[in-house]
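# An overview of the molecular structure
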Amino acid sequence: MKTRHLFVAMALPALFAACSQDEFVNENKFEGTPQLAAGFKLTAEKVMDAQTRGGWIENGSGEYEYKWDIETTPTSEILGLCWTGKVGDVAYTEQTSKKLFTNYEFSATAGSDALTEEGELDTPVNVGTGSAGYKKYATFDTEASSLFAGEYVVYYPYNASFNEIGNIKATVKNKFEATAANKQYEEAGKDMFMMSGRTPMEGGQKAGLFKLNPKSTLLQLNLQLNTGETAFNVDKIILFDNTGLASEMLYNADGNVVENSVKYDYKTITGEYVAGAGIEISAAKATPFVIPMLTVDLKATTVIYLHKKDGAWAKKEFTKPYEMKIGVMPLSIGGLKDADFNLDLVTDADELKAKIEADAENIDVLTDIELDKNFTSTWNANKDITIKSTSGAKLIFDVTDGDVTFGANAKAINLACAVEVKGADNKFTLACPSTIEGEFANSTNAVFAENVTIGEEGEVINSGSLTLTAAKTLTVLGTVTNNADSKISVPATASFNVAGKNASVVNDGELENSGEMTIIKYAGNSVVNNGVVIVDQTGTFVGDFDQPMTGTFWKKAADIADLKTALNGTYSKIILAGTFDFSAEAAATVLNAGDKDIDFAGSITMPTADGNKDFTLETTGTVTINTAITLGKPKAPTAPKVTIKAGAMEVNDDLTVDATGTLEVTGDINAQNATVTFKKESTVSFDNFNNNGGASLTLENGANVTYTGKINLIPAN
């Protein structure tokens, strides 16, 4: 019963998808199904078929054999065990899809180079016992307390990510390291994907022998110098493909690749050989360098880079696709010359730092390089530097563990490679004058601390927060995309200038300008606002967006003069955010806002004293009350008339309409957390009054109130 309970928890075949656990346990079809005894073990062997030549451990005859590492402890030899859905000839699951169920983890416990007639290990050596070495056969056990007997498939190495009904995922690392020339095959073997055929496991303590065949490739690059060339060491090989190298694929229960399951998530796969030394190549013979890979053909776009220890790089390009086969796949690269190693490239943070501090004027990045808070470098304050990537690699700044600053004290940087800024909670600062000629993608908090120019081929994609610095300028000749839920901030005295004849700016998020924003319109450029653009009180705006504009364009006005100027602009909303004393105006105030929304939000003084001049605001848009105001005063010969005419009104603070006040709202008045009072002799009209929560409405006797809909004093649910 315990076995059945465990099985239900780990595999949910469609046949029983609608059953409860108890129903599954009591399912008659499982009556009599044998259990594997407690302490169950399985035995496994790595084998080669006729098409798979080569192996992992040298046998003394210049040949290699696949074997298990019994020496390393805790063991690195871990298998996955998957049920096919069959017990004997009985299928408990749908079989045509050839999917697998369960993913039991089995770890090596002992090994031997021979089996007894009974199939047991002959003179077994336990894992980690002295110099146990590598053995042809190994036994494996599991912490799982009980399993069904049935038909299973074993695969290697174990992948914890396969935890549901489906197919086995084969993966490959994007970096292989060989610690010694004669250990390449041994170490690469642990990264090779292997799989057994369908194998029955009878009831009892031990299964029959599982034979695992390779399903992936060991690319063996045979390097040889041209005749007459002096030997030297190679310490790194990189396969690069900007269109992607295979990173994972799926296999079904029959050991076949699932159609369309290959993923190409790597741009590079790297082999590093004997750190600090490398492996010697010569003209006398070909020297092998191995890299574990999935069995997926290399494309014609693949490039192989070879690094001479303490020297430069050589580049070898494919002219057509290269067919990959299971097992060891030799690829000869002969006729190499020392002169071929003439490319000055960087592949990691240390190499980048060394180039910067050597005052290199041009740095070419071969592979993606990730930099975090620990990256520091001393820049030449008198020399410009260009960082590019002819391979399409990028610099990745990760602020997860702390703030990252790049370019402090540098004269200027031309970022001609792609840049990615990622992480959370912390900040990335581009600290020196810079030109962006590649793609700059930000998903966190980024600051441009100095003047930045986005070149004609450059692009900034902001998916987080991007902030300019006071008195500094962002000049756009290329492309800026501000994504939804993202923000670009231009502080006071900073400038955001769209100046390129073919520039493109798309705002789907928020752009807040407290400084200066200028758009120079050309026939070939485009500035699209689908989000919110806010020109703050200290901000100025010159130019226009592409029309029609689907987003909103707001101006935070600082005073009455600023407000009157804004009314003549293309803003969709004007926020009275500063100080407005309409009672002090020498002439009547007449504000014709067209269809603009008007938001009373700052310090507002309306004409409420005898002798004050009249006030009129008219718009077909929405008027929002975010600060308490009063329209008019009790009637008197010199009392000012205060009138607001609006298409709709949102009241979020106290609103009073007195006798000389007039409020005409074509649509609804929606009030929330506000006291609304229509006093005696006031004139008010609207469609519906809606209490959206926490609001009250007082109609004094003698108030002239007209409405065409309803007064809803109880908030709607």
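In what follows, the accompanying structure is described. (Residues numbered from 1 in each chain as written. Predicted model: local features only at pLDDT ≥ 70, side-chain atom pairs only at ≥ 80, totals over all residues. Heavy atoms only, no water.)

### Remarks on the overall build of the protein chain
Our working rule: A run of H or I in DSSP counts as a helix once it spans at least four residues, and a run of E counts as a strand once it spans at least two, with each numbered from the N terminus. Accessibility here uses a 1.4 Å probe with only protein chains present; expressed as a share of the type maximum, an area under 20% marks a residue as buried, one over 50% as exposed, and anything in between as partly exposed. By definition, residues are in contact when any of their heavy atoms lie within 4.5 Å. Here, Shrake-Rupley sampling with a 1.4 Å probe gives the accessible areas, and only protein chains in the shown set may cover a residue.
Scanning the protein chain from N- to C-terminus turns up five helices and 72 strands. Counting across all 717 residues of the protein chain, residues that qualify as buried make up 49%. By sequence separation, contacts in the protein chain at least 24 residues apart represent 56% of the contacts at least 6 residues apart. Carbon and sulfur atoms make up 45% of the accessible area of the protein chain, which totals about 31200 Å².

### Description of the sheet that holds strand S59 (residues 615–618)
Our working rule: Here, a strand pair is defined by DSSP locating no fewer than two bridges between the strands. Only the stretch in contact is used when fitting a helix axis, every axis being a line fitted to C-alpha atoms; angles between N-to-C directions are given from 0 to 180 degrees.
Spatially, the six strands line up as an open sheet ordered S56-S59-S62-S65-S68-S71, and their pairing is parallel. Looking at which strands have only one partner, the edges of the open sheet turn out to be strand S56 (589–592) and strand S71 (704–707). Averaged over all pairs of adjacent strands, the angle between strand axes in this sheet comes to 5 degrees, irrespective of strand direction. Bridge analysis of strand S62 (residues 642–646) against strand S65 (residues 661–665) gives five bridges, and the strand direction is parallel. When the bridges of S65 are listed, Lys-645 appears paired with Glu-664.

### Thoughts on unusual backbone geometry
Trans is the prevailing form of peptide bonds, just as negative phi is the prevailing case for residues other than glycine. With an omega of -5 degrees, the peptide bond between Thr-73 and Pro-74 qualifies as cis. Within the element layout of this structure, Pro-74 appears in the loop between strand S4 (68–69) and strand S5 (78–83). The backbone of Asn-260 sits at a positive phi, close to 60 degrees, despite the residue not being glycine. Turning to its location among the elements, Asn-260 is positioned in the loop between strand S21 (248–251) and strand S22 (266–273). Even without being a glycine, Asn-409 presents a positive backbone phi close to 75 degrees. The residue Asn-409 is located in the loop between strand S33 (404–406) and strand S34 (412–415) in this model.

### Some thoughts on the packing of aromatic side chains
The cut-off we apply is this: Ring geometry is summarised as follows: Phe, Tyr and Trp rings, the Trp one being its six-membered ring, pair when their centres sit within 6.5 Å, and such pairs are stacked at plane angles under 30 degrees, edge-to-face over 60 and tilted between the two. Here, a charge over a ring is recorded when the distance from Lys NZ or Arg CZ to the ring centre is within 6 Å and its angle to the ring normal is within 35 degrees.
Counted under the stated rule, the structure contains 24 aromatic pairs. Each ring, one from Phe-545 and one from Phe-553, has its centre 5.0 Å from the other, and the planes form 85 degrees; the classification is edge-to-face. Taking relative accessible area as the criterion, Phe-553 reaches 0% and is therefore assigned buried. Joined through ring pairs, the aromatic side chains of Phe-375, Trp-379, Phe-397, Phe-406, Phe-428, Phe-440 and Phe-448 make up one cluster. Sitting over the ring of Tyr-264, Lys-299 keeps its end group 4.5 Å from the ring centre.

### Remarks on the nonpolar core
Threshold: Only buried residues count toward a nonpolar core. Its members are Ala, Val, Leu, Ile, Met, Phe, Trp, Tyr and Cys residues joined through side-chain atoms within 4.5 Å.
One finds Phe-406 and Leu-663 to be the most contacted residues of the largest nonpolar core, which totals 97 residues. Looking at which element gives the most residues to this core, the answer is helix H5 (residues 560–567), with four residues. Among the nonpolar cores identified, the runner-up in size contains 37 residues, and Leu-218, Met-293, Phe-318 and Phe-341 belong to it.

### Remarks on helix H4 (residues 349–357)
Heads up, the rule is: Distance and chemistry together define a polar contact, namely a pair of N or O atoms within 3.5 Å, with one atom able to donate a hydrogen and the other to accept it when in protein, and with adjacent residues in sequence counting only for side-chain atoms on both sides.
N-capping of H4 is provided by Asp-348, with a side-chain oxygen placed 3.2 Å from the backbone N of Asp-350. Once H4 finishes, Asp-359 follows within two positions and takes phi at roughly 60 degrees, a positive value.

### Here we look at the sheet that holds strand S46 (residues 495–498)
In space, the 10 strands of this open sheet follow the order S28-S29-S31-S34-S37-S40-S43-S46-S49-S52, with parallel pairing throughout. With one partner strand each, in any of the chains shown, strand S28 (345–346) and strand S52 (540–542) form the two edges of the open sheet. Looking at chain direction, strand S40 (residues 452–454) and strand S43 (residues 473–476) are connected through three bridges and run parallel. What sits directly across from Val-452, in S43, is Leu-474.

### Focus on the pattern of salt bridges
Side-chain pairing between opposite charges can occur once the charged atoms of the two side chains come close. The criterion, for reference: Take a side-chain nitrogen of Lys or Arg and a carboxyl oxygen of Asp or Glu: if they are within 4 Å of each other, that pair is a salt bridge.
Taken as a whole and assessed by the stated rule, the structure comprises 30 salt bridges. When the shortest N-O distance is used, the salt bridge between Arg-198 and Asp-254 registers 2.8 Å. Taken together, the residues span a long stretch of sequence, with Arg-198 in the loop between strand S16 (194–196) and strand S17 (199–201) and Asp-254 in the loop between S21 and S22 at a distance of 56 residues. The partly exposed category is assigned to Asp-254, whose relative accessible area is 34%. A salt bridge links Glu-248 to Lys-263, with the shortest nitrogen-to-oxygen separation between them at 3.7 Å. With Glu-248 in strand S21 and Lys-263 in the loop between S21 and S22, the pair connects residues that are 15 residues apart, well separated along the chain. Here Lys-263 falls in the partly exposed class, since its relative accessible area comes to 42%. Look at the salt bridges and you will find they share partners, linking Lys-98, Glu-151, Arg-198 and Asp-254 into a network.

### What to know about the pairing of strand S38 (residues 439–442)
Of the strand pairs in this sheet, strand S35 (residues 418–422) and S38 are connected by three bridges, and their pairing is parallel. Bridged to Val-421 within S38 is Asn-442. Alignment of S38 against strand S41 (residues 459–462), held across four bridges, turns out to be parallel. Paired with Glu-439 across the bridge in S41 is Glu-459.

### Description of the pairing of strand S20 (residues 232–245)
With 11 of its 14 residues buried, S20 lies for the most part within the structure. Across six bridges, the pairing between S20 and strand S25 (residues 303–308) is antiparallel. In the sheet register, Lys-236 faces S25, and the bridge partner there is His-307. As paired strands, S20 and S22 are joined by six bridges and run antiparallel to one another. Its bridge partner lying in S22, Leu-239 is registered against Ile-269.

### Details of the environment of Val-452
Secondary-structure assignment places Val-452 in strand S40. Taking relative accessible area as the criterion, Val-452 reaches 1% and is therefore assigned buried. Taking the C-alpha atoms as reference points, Val-452 and Ile-413, separated by 39 residues in sequence, lie 9.6 Å from one another. Excluding residues within four positions of it along the chain, Val-452 makes contact with Leu-430, Ser-434, Ile-436, Thr-473, Leu-474 and Thr-475.

### Looking at H5
Put simply, the rule reads: The directions from the helix axis to the C-beta atoms are what the arc is built from.
For H5, the full list of buried residues reads Ile-560, Asp-562, Leu-563, Ala-566 and Leu-567. Down the axis of H5, the sector holding all buried residues measures 160 degrees, keeping them to one side. Opposite the packed face of H5, turned more than 90 degrees from it, sit the exposed residues Ala-561 and Thr-565. Between the side-chain oxygen at the start of H5 and the backbone nitrogen of Ala-561 there is a gap of 3.3 Å, and the oxygen is on Asp-559.

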